[in-house]
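# Structural features, examined
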Protein chains: 2
Amino acid sequence: MATRAPRSYHHGNLRAALLERAEGTLRTGGAGRLSLRELARDNGVSHAAPRRHFADKQALLDALAHEGFERLGRELAAASAQAEPAFEARLAAIAHAYVRFATRHAALLELMFAAKHRPGADEGLAAAAERAFAAPRELIADGQATGAVVGGDPERVMLVALAGLQGLVSMANAGMIEEAALDGLVTDAVDHVMLGLRPR
Amino acid sequence: MATRAPRSYHHGNLRAALLERAEGTLRTGGAGRLSLRELARDNGVSHAAPRRHFADKQALLDALAHEGFERLGRELAAASAQAEPAFEARLAAIAHAYVRFATRHAALLELMFAAKHRPGADEGLAAAAERAFAAPRELIADGQATGAVVGGDPERVMLVALAGLQGLVSMANAGMIEEAALDGLVTDAVDHVMLGLRPR
DNA sequence: ACCTGAACACCGTTCAAGT
DNA sequence: ACCTGAACACCGTTCAAGT
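Conventions we followed
Residues numbered from 1 in each chain as written. Chains lettered and ligands numbered in written order. Predicted model: local features only at pLDDT ≥ 70, side-chain atom pairs only at ≥ 80, totals over all residues. Heavy atoms only, no water. Domains from an automatic or database assignment. Contact = heavy atoms within 4.5 Å. Buried area = accessible area lost by both parts, 1.4 Å probe. Salt bridge = Lys/Arg side-chain N within 4 Å of Asp/Glu carboxyl O. Polar contact = N/O pair within 3.5 Å; in protein donor to acceptor, adjacent residues only side chain to side chain. Nonpolar A, V, L, I, M, F, W, Y, C, P; charged D, E, K, R; others polar. Axes fitted to C-alpha atoms, helices over the stretch in contact; angles between N-to-C directions. Helix = DSSP H or I, 4+ residues; strand = E, 2+ residues; numbered from the N terminus. Parallel < 35°, antiparallel > 145°, perpendicular 65-115°, else oblique. Left-handed = near helix turned anticlockwise from the far one by under 90°. Least-squares fit on C-alpha atoms with pLDDT ≥ 70 in both. Phe/Tyr/Trp six-rings, centres within 6.5 Å; stacked < 30°, edge-to-face > 60°. Buried < 20%, exposed > 50% of the residue type's maximum accessible area, 1.4 Å probe, protein only. Core = buried A, V, L, I, M, F, W, Y, C linked by side-chain atoms within 4.5 Å. 1 Å grid on protein atoms, 1.4 Å probe; cavity = no way out; pocket = protein on both sides within 12 Å on 5 of 7 lines; lining within 4 Å. Points joined across faces, edges and corners; volume = space filled by probe spheres on them.

### Some details on the domain arrangement of chain A
All names here are of chain A.
- Taken domain by domain, chain A consists of domain 1 (11-54) and domain 2 (65-197).
- The interface is formed by 4 residues belonging to domain 1 together with 7 residues belonging to domain 2.
- Roughly 450 Å² of surface becomes buried between domain 1 and domain 2 when both sides are summed, with 57% attributable to carbon and sulfur atoms.
- There are 1 salt bridge connecting domain 1 and domain 2.
- A salt bridge links Arg 71 to Glu 23, with the shortest nitrogen-to-oxygen separation between them at 3.2 Å.
- Between domain 1 and domain 2 we count 2 residue pairs in polar contact (both at pLDDT 80 or more) in total.
- Split into classes, the residues belonging to the side of domain 1 that touches domain 2 amount to 2 nonpolar, no polar and 2 charged.

### Here we look at the packing of helix H3 (residues 57-82) of chain A against helix H5 (residues 106-117) of chain A
All names here are of chain A.
- Their axes nearest at 9 Å, the elements H3 and H5 cross at an angle of 110°. Between H3 and H5, the interaxial angle falls into the category roughly perpendicular. Crossing angle aside, the handedness with which H3 passes H5 is left-handed. Here Leu 61, Asp 62, Leu 64, Ala 65, Gly 68, Phe 69 and Leu 72 of H3 come into contact with H5, specifically with Leu 108, Leu 111, Met 112, Ala 115 and Lys 116.
- Split into classes, the residues belonging to the contact of H3 with H5 amount to 9 nonpolar, 1 polar and 2 charged.

### Observations concerning the relation of the copies chain A and chain B
- Each copy of the sequence occupies a distinct position, and chain A is placed on chain B by a rotation of 180° and an axial shift of 0.0 Å, giving an RMSD of 0.0 Å. In short, the pair behaves as if placed about a two-fold rotation axis. Distance from the rotation axis, computed per C-alpha, reaches its smallest value in chain A at Gly 167 of chain A: 2.3 Å.

### Focus on the packing of aromatic side chains
Residue and element names in this part refer to chain A.
- Evaluated as defined, the whole model comprises 4 aromatic pairs over all chains.
- Taking 6.2 Å as the distance between ring centres and 80° as the angle between the ring planes, the aromatic pair formed by Phe 69 and Phe 113 counts as edge-to-face. Of this pair, Phe 69 sits in helix H3 while Phe 113 sits in helix H5, and the two are 44 residues apart along the sequence. Of the two residues, Phe 69 and Phe 113, both sit in the buried class.

### Brief notes about the environment of Asp 56 of chain B
Residues and elements named next belong to chain B.
- Relative to the assigned elements, Asp 56 resides in the loop between helix H2 (36-42) and helix H3 (57-82).
- For the pair Asp 56 and Ala 17, spaced 39 residues apart in the sequence, the C-alpha separation amounts to 16 Å.
- Polar contacts involving the side chain of Asp 56 include one to the main-chain amide nitrogen of Ala 59, which spans 3.0 Å.

### So, the nonpolar core
- Within the largest apolar cluster, 132 residues are counted, with the highest numbers of intra-cluster contacts made by Leu 64, Tyr 98, Phe 133 and Leu 197 of chain A together with Tyr 98, Phe 133 and Leu 197 of chain B.
- Not counting the four nearest positions on each side in its chain, Leu 197 of chain B is found in contact with Phe 87, Leu 91, Ile 140, Ala 148, Val 149, Val 150, Val 157 and Ala 161 of chain B.

### Notes on the layout of surface pockets
- Quantified by volume, the second largest pocket comes out at close to 1500 Å³.
- Elements supplying a minimum of two residues to the lining of the second largest pocket: helix H8 (154-173) and helix H9 (179-197) of chain A together with helix H8 (154-173) and helix H9 (179-197) of chain B.
- In terms of residues, the lining of the second largest pocket owes the most to one element, H8 of chain A, which gives 10 residues.
- The residue makeup of the lining of the second largest pocket, split by class, is 27 nonpolar, 11 polar and 10 charged.

So this is what it looks like as structure tokens:
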């Protein structure tokens, strides 16, 4: 999934146009309703044209997932950078940003993890996923350096903290939580996560 | 999704045979690879035969989900019944049973929640889902009666407790946790959940 | 009551051919 | 370099017809 130079040609930029449309139908109809032929039709191009840009349907899904990880990474990094420098404030900011992404782009997030987890997955995808979580990983490492956070592998500590949020995300995406209540619950969950991170 | 009398006919019991095969491919290949025609072929029956038992593909998926909720309910109830009567023991037993089901039947669980959440979903499905969680709901209500658990809507309290496990489930199903480590992590998570349930 | 066979409108993928 | 058109093997769904 090397970043391809966005050359201009007959259509304009078919690759980007296909991805944009795909993300749209992903949001409205879910991954199941994605059709390469329909995507081609919507872009006024023959059904075989996407082949130039994506070897098969899975390649397009992988590209969507790749873009998703890049976007998530940007949002987590921005949240961390804009927060007050105190550990708790940055952790809360990153947690809220993660839950916001996960609930606003539920189908995309599911696709992202499915693509990354798929046997024989593109290696670039794992790298993109790792980069996406750079901000929380750094925060944990900082917290460990100052003694605010329990020791051990930062990656693992971060995953445990993330797990504390993932339950809320699942419930929200399953419609079990009203959107209005979500922010408050995330704040509670962050307090909970904070307890779990404290050195013992 | 009324329980249909399992009448015998030419094939034997096509409906049950289709569901069994479907759950098999669900486990090995995921929901995406499910094909009604292939299911019919595997059962030595014409591609139109399933139509007698399932109006369309979604109806078969709903039936799978329905069976899944019934099975989950049986396993949670059994875990609760077999545990020591103390609140903590029953909570731990139910939690382990839930995580075991969720990791052993990951694709099915995903299908179950997707089917239940789908707009216009079969009403019998929501009822089956509610029955599936009878054991933990009763446990929470018992805990509230004895003062071991914080007050409020038992359904909501149960969901919050469930959320504490769902993160682990997500991570396990994403391959981020080795199976050997899972039981220990569930035990830790149960302690965590227990803290969250304590009256304030 | 349960199943078959043909038909229709869709897929994803491949490949020669066009510009 | 990028796209088209025809072709192939699959789908899900429908419907008349068989037993």
